[in-house]
Structures are given as structure tokens and as C-alpha cells.
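Observations on the model geometry
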Amino acid sequence: MTYNVGRQGMLRLVLNGGKKTTISEQFIQAPYHIQRAIHCDDTMQDMAHLYMMSSSGGILGNDSHAIRVTLKDKARARLMTQGATRIYDTQDGTATQGISITLEQDSYLEFLPDITIPYKNSRYEQSVDIVCHQSATMIYTETLSPGRRAFGESFDYTLYKNVVSAKSDEGAWILHDAALIEPARRSVQKYGIMGLYDTLCTVYILAPGSIVPRMYDGVNDAIRHQNDILGGASIIHDKAGIIVRILSNKTETIQRVIDRIVHVVRYYRFSPVALRGGA
């Protein structure tokens, strides 16, 4: 007999800027844990590096997790996970996670979770809701693997759904992007979908409209000069940001592209030369 009661995990963070970005408020409910803020960035010494950790090692059937992150007072942060997000066999249930992010004036966030690995027979639904001030900047990535390749599992999960929405602090829509993958109902290994590739990454960039066109050129250069991927970028409506899609068979290659994109965004957001309109 198996039991599948699910957990109600919660992680709530408020980050404040200043000489160094610090955690001003936090609430944690198992299985989540947050590492203390580390200031280890050579180029952005006020940036807080934070790792989200989980005592469960993954997400189980009927789990319902919530993550809430707010950046205030020109806070700058890089938020990562301790490792891959594993979605275990949910035993006919559905695991869910809701992420809510609020960026106030002049704040900056790199939200870079590790890859999501859906196990055989897993069902997972995630929603990401962002409120972003027009002067704030954010990078959010979502990377989806086909499953546990080493165990012969490739697209053996039942359902993966991810909906990313963003609005301005005044309530205007910035983007709404949805992915629904049900491999048993519709194969994704076809031309026009994922074709010969098995790993999908989406990078969402929100930034002030004045720097987005030049940032877009830099992002495309970061993609164009990398082998073993198929990818492209598009400017969001009203120049509020950029969406990047990347396909590959190598997660390490995707990570290199993400690192390059982060470098581009940092340059156009903080470099005095770029802010003056230089290359």
C-alpha cells in the first residue's frame, strides 16, 4: 500500500538593498530551507547570493509548494537551487508549485534554478507570477530535461505544465507564456517541436525599455556563437524585455549559454558605457 498525502511547502523572502542586499523578512515551511545571504560577487559586491534548499530531495505527488520573493530598496540578488528539481512518480496525483516575484524600483534579480527532471509517470504544474517595476531588471530561467536518461527514461512523464505571467507595478500586462507537454498524447520529438533535441530552456528577461533593443543584440550574439544548440530570442511587446528559447541535448551547453546571457544583461544594465548608449 502507498500513501500520497503531499506537503505544503512555503518559502517567503523579502530582500532589501543598501550597501549590501540582506534578507529583511523570511518565513520557511518544510521542506524548504534558505541559505544565509553570501556576498561573493567580484563585479557586484552588494549582490546577495542565495541558495534554496529542500530536505525532501524532490517534489512528490500532491505536494503543493509556494515561493514568494520580494525585492525592495534597489536590492540585487542571485537566487539558485541546491541542485536539480526532481519530480518523482506522482502516483496519479499532481504536484504543483506557485512562484510569486515582486521587483520594486531599480531592483535586480537573477532567479536561476537548476534543471527540472520529471520522473516516469510524474505530473507537474507550475505557475510563475511576476510584478516588475519599469526600472527593475530580472532574469528567470526554466530548463526542462526529458527525464532520467541514465535509467532509460526519456519523455516518460505524464504531464508538465508551466505558465509564466508578468505585469508592471501598475497592472499592465508584460507577458503571458504557457507550456503544456503531455508526451503520451503528443510526441514532442517531431520536427517543428523539439525535433532531434531533448532539453528545453526558456530565459525570461525583464528590463527597462531603453536598454532592451541593444541588450537583444547582445543576447542573440551569445546564442549565435554557441555550438550544439538551436535557439533564438524575441523582444516582448512594448520593449519590456526578451524571451529566449534554447534547445540542446547537453545541459552543460545550456548552462554556458545562460551564463553568457547573464553577462550580457549585467553589462547593459550596469555598465556606464552601455548606459550612455555605447556598444
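Everything below is about the structure shown above.
This section reports on the structure supplied with the text. (Residues numbered from 1 in each chain as written. Predicted model: local features only at pLDDT ≥ 70, side-chain atom pairs only at ≥ 80, totals over all residues. Heavy atoms only, no water.)

1. With respect to the overall build of the protein
Scanning the protein from terminus to terminus reveals 3 helices and 17 strands. Taken over C-alpha atoms, the radius of gyration comes to 19 Å for the protein, in line with the 19 Å a tight globule of 279 residues would show. Oriented by its inertia axes, the alpha-carbon framework of the protein measures out at about 60 × 45 × 35 Å. When contacts within the protein are restricted to residue pairs at least 6 apart in sequence, those whose partners lie at least 24 apart make up 72%. Per element, the accessible surface of the protein, about 13500 Å² overall, is 48% carbon and sulfur. (Helix = DSSP H or I, 4+ residues; strand = E, 2+ residues; numbered from the N terminus. Rg over C-alpha atoms; globule rule 2.2 N^0.38 Å. Contact = heavy atoms within 4.5 Å. Areas by Shrake-Rupley, 256 points an atom, 1.4 Å probe, with all protein chains shown as cover.)

2. Describing a negative patch on the surface
Together, Asp-73, Glu-104, Asp-169 and Glu-170 make up a negatively charged patch on the protein surface. Structurally, the position occupied by Glu-104 is in the loop between strand 8 (95-103) and strand 9 (108-112). (Patch = residues over 30% accessible without salt bridge, like charges linked within 9 Å, V, L, I, M, F, W, Y side chains within 5 Å. Salt bridge = Lys/Arg side-chain N within 4 Å of Asp/Glu carboxyl O. Lys, Arg positive; Asp, Glu negative; His and termini not counted. Charge placed at Lys NZ, Arg CZ, Asp CG, Glu CD.)

3. Things to note about the environment of Met-10
For Met-10, the location among the structural elements is in strand 1 (residues 10-16). The spacing of Met-10 and Arg-256 is 246 residues in sequence and 31 Å in space, taken between C-alpha atoms. Setting aside chain neighbours within four positions, we find Met-10 in contact with Phe-27, Ile-28, Gln-29, Tyr-32 and Ala-66.

4. Overview of the packing of aromatic side chains
What the rule picks out here adds up to 7 aromatic pairs. Taken together, a centroid distance of 4.9 Å and an interplanar angle of 80 degrees make the contact between Tyr-88 and Tyr-119 edge-to-face. A residue pair is termed long-range when its members are at least 10 positions apart, and Tyr-88 in the loop between strand 7 (85-87) and strand 8 and Tyr-119 in the loop between strand 10 (116-118) and strand 11 (123-132) qualify at 31 residues. Pairwise contacts between aromatic rings join Phe-111, Tyr-140 and Tyr-204 into one cluster. Positioned over the ring face of Phe-151 is Arg-148, at 4.3 Å from the centre of the ring. (Phe/Tyr/Trp six-rings, centres within 6.5 Å; stacked < 30°, edge-to-face > 60°. Lys NZ or Arg CZ within 6 Å of the ring centre and 35° of its normal.)

5. Looking at the sheet that holds strand 13 (residues 159-168)
Strands sit in the order 2-1-5-8-11-13-14 across an open sheet of 7 strands; the sheet is mixed. Only two strands of the sheet have a single neighbouring strand rather than two, namely strand 2 (22-29) and strand 14 (173-181). Between one strand and the next, the sheet's axes are offset by a mean angle of 5 degrees, whatever the strand orientation. Here 8 bridges tie strand 13 to strand 14, and the two strands are oriented antiparallel to one another. Considered in strand 14, the bridge of Val-163 is made with Ala-178. (Pairing = 2+ DSSP bridges. Axes fitted to C-alpha atoms, helices over the stretch in contact; angles between N-to-C directions.)

6. As for the nonpolar core
Residues Leu-109, Phe-111 and Ile-130 are the most contacted members of the largest nonpolar core, which totals 35 residues. Here Leu-109 is in contact with Leu-71, Ala-77, Leu-79, Ile-101, Leu-103, Thr-137, Met-138 and Ile-139, once residues within four sequence places are set aside. Formed by 30 residues, the second largest nonpolar core is a distinct cluster that contains Cys-201, Ile-211, Val-212 and Ile-223. (Core = buried A, V, L, I, M, F, W, Y, C linked by side-chain atoms within 4.5 Å. Buried < 20%, exposed > 50% of the residue type's maximum accessible area, 1.4 Å probe, protein only.)

7. Quick look at helix 1 (residues 212-224)
Over its 13 residues, helix 1 runs 18 Å from end to end, which matches the ideal 18 Å to within 8%, given 1.5 Å per residue. Within the span of helix 1, buried status applies to Val-212, Met-215, Gly-218, Val-219, Asn-220, Ala-222 and Ile-223. On the buried face of helix 1, the contacting elements are strand 15 (199-206), strand 16 (229-235), strand 17 (241-248) and helix 2 (251-270). (Expected span 1.5 Å × (residues − 1).)

8. Observations regarding the state of the cysteines
In this structure the tally under the stated criterion is 0 disulfides. Its sulfur unpaired, Cys-201 is 19 Å from the next cysteine sulfur, which belongs to Cys-132. Judged by its relative accessible area of 0%, Cys-201 is buried. (Disulfide = S-S within 2.5 Å.)

9. Section: unusual backbone geometry
Residue Pro-31 follows Ala-30 across a cis peptide bond; omega there is 15 degrees. Positionally, Pro-31 belongs in the loop between strand 2 and strand 3 (32-34). Phi at Asn-62 takes a positive value of approximately 70 degrees, unusual for a residue other than glycine. In this fold, Asn-62 is placed in the loop between strand 4 (48-54) and strand 5 (64-72). For Asp-73, which is not a glycine, the phi torsion comes out positive at approximately 55 degrees. Inspection of the secondary structure puts Asp-73 in the loop between strand 5 and strand 6 (76-81).

10. Section: the environment of Tyr-267
Among the secondary structure elements, Tyr-267 is positioned in helix 2. Classification of Tyr-267 as partly exposed rests on a relative accessible area of 28%. Sequence spacing of Tyr-267 and Gly-218 is 49 residues, and the spatial spacing of their C-alpha atoms is 9.5 Å.

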